[in-house]
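Structural features, examined
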Amino acid sequence: MLTVSNYHYIREHFNFEYPSIFGVTPKCFENQLLKLKNLGDFITPLDLINNINSVLTSKNNYYLITFDDGLKEQFEYALPILDAHNISAIYFLNSINFKERRVSTVHKIHLLRSIIPPSAFYKKIQNFYKVRFTNQEKETAISIYRFDDSSSAELKYLLNFKIPFSKQETIINNIFTEYFNEQNVLNDLYMNEDNIKYLASIGCLGSHTHSHFPLGLLDEASMLNELKQSKLYFESLTNSKIESVAYPYGSKEACTDLVFKQAKTANYKIGFTTTPGTNKDTDKNLALMRFDCNDLPGGKNFRS
Ligand SMILES: [Zn+2]
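Predicted model, so just to flag it, every value in this text is computed and none were measured. (Residues numbered from 1 in each chain as written. Predicted model: local features only at pLDDT ≥ 70, side-chain atom pairs only at ≥ 80, totals over all residues. Heavy atoms only, no water.)

In this section: the pattern of salt bridges. If you walk through the whole model with that rule in mind, you get 13 salt bridges. Here E100 ties to R102 by a salt bridge, and the two come within 2.5 Å at their closest N and O atoms. K108 serves as the salt-bridge partner of E182, at 3.2 Å between the closest nitrogen and oxygen. Linking E182 in helix α11 (residues 182-189) with K108 in helix α6 (residues 105-115), this pair joins segments that are 74 residues apart in sequence. With respect to class, E182 is no different from K108; both count as buried. Each member of the salt-bridge network shares a partner with another, and the members are E100, R102 and E169. (Salt bridge = Lys/Arg side-chain N within 4 Å of Asp/Glu carboxyl O. Helix = DSSP H or I, 4+ residues; strand = E, 2+ residues; numbered from the N terminus. Buried < 20%, exposed > 50% of the residue type's maximum accessible area, 1.4 Å probe, protein only.)

A few words now on the domain arrangement of the chain. For the chain, the domain assignment lists domain 1 (2-102 + 190-295) and domain 2 (105-184). For domain 1 versus domain 2, the distance between C-alpha centres works out to 26 Å. Domain 1 puts 17 residues into the contact, and the matching count from domain 2 is 15 residues. At the boundary of domain 1 with domain 2, total buried surface from both sides reaches about 1400 Å², with 55% on carbon and sulfur atoms. (Domains from an automatic or database assignment. Contact = heavy atoms within 4.5 Å. Buried area = accessible area lost by both parts, 1.4 Å probe.)

Spelled out as structure tokens, the structure:
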């Protein structure tokens, strides 16, 4: 069986005026690796791809480490720790950050939320896209985001449920350019081409699609394009084969059966969602489940 632990931000500090960027410190990351090492065996991406069926049906507990979003800190902080413990991981990157030199909308939102109070951010969005919340919706927002204060909950609900994804890009970009220089953020936030080539050379590069859009909301042709474009871009950049994909957001709405079918058409061999669970079924190679690292032993939400 296969258990996958997924990571995003890995940095020393998460001190922002308004918390919106969450992750683990290098120390916590290393401690979790040591915990998992006691529970099973880490598998390399290449061994997994080449022996997927025997890994899934094995009684042995195999663990795989994955990283989403191509963040530079994953290369700078996590990779040396993994090397020290002789563990390899898959790094899933979006090609839009490199091919088009654009910051993903999801990261623009994280950065904006870290410096703008939620109520002010909410108002700014309303300048571009007017929506009214019913009292029922306000209650729903607060219950979904019960760990947030009410204005953060309403902001998240606005972004995640009220504004269509296709509209978000333009709205967020307008606000983002008021506060940030996109090229500076690109250079600071994401890996560079040398990093990417290195990861490919050790068999650790995967695709997170082209533009970090929830694939399940796209029409069939755009879905396939998202999957193919990033594969082709990274394959030609690194002169290697890209055979694994992690679907952005990874939720049920983002990962429909049609998405898995298109991933197969695009010639991926393994694909990862963010549905939590341990993988044992051999017919779901393109719909593998992953845990958020916080939910596994050594993670902050783990309860044994
Ligand atoms: Zn992502």
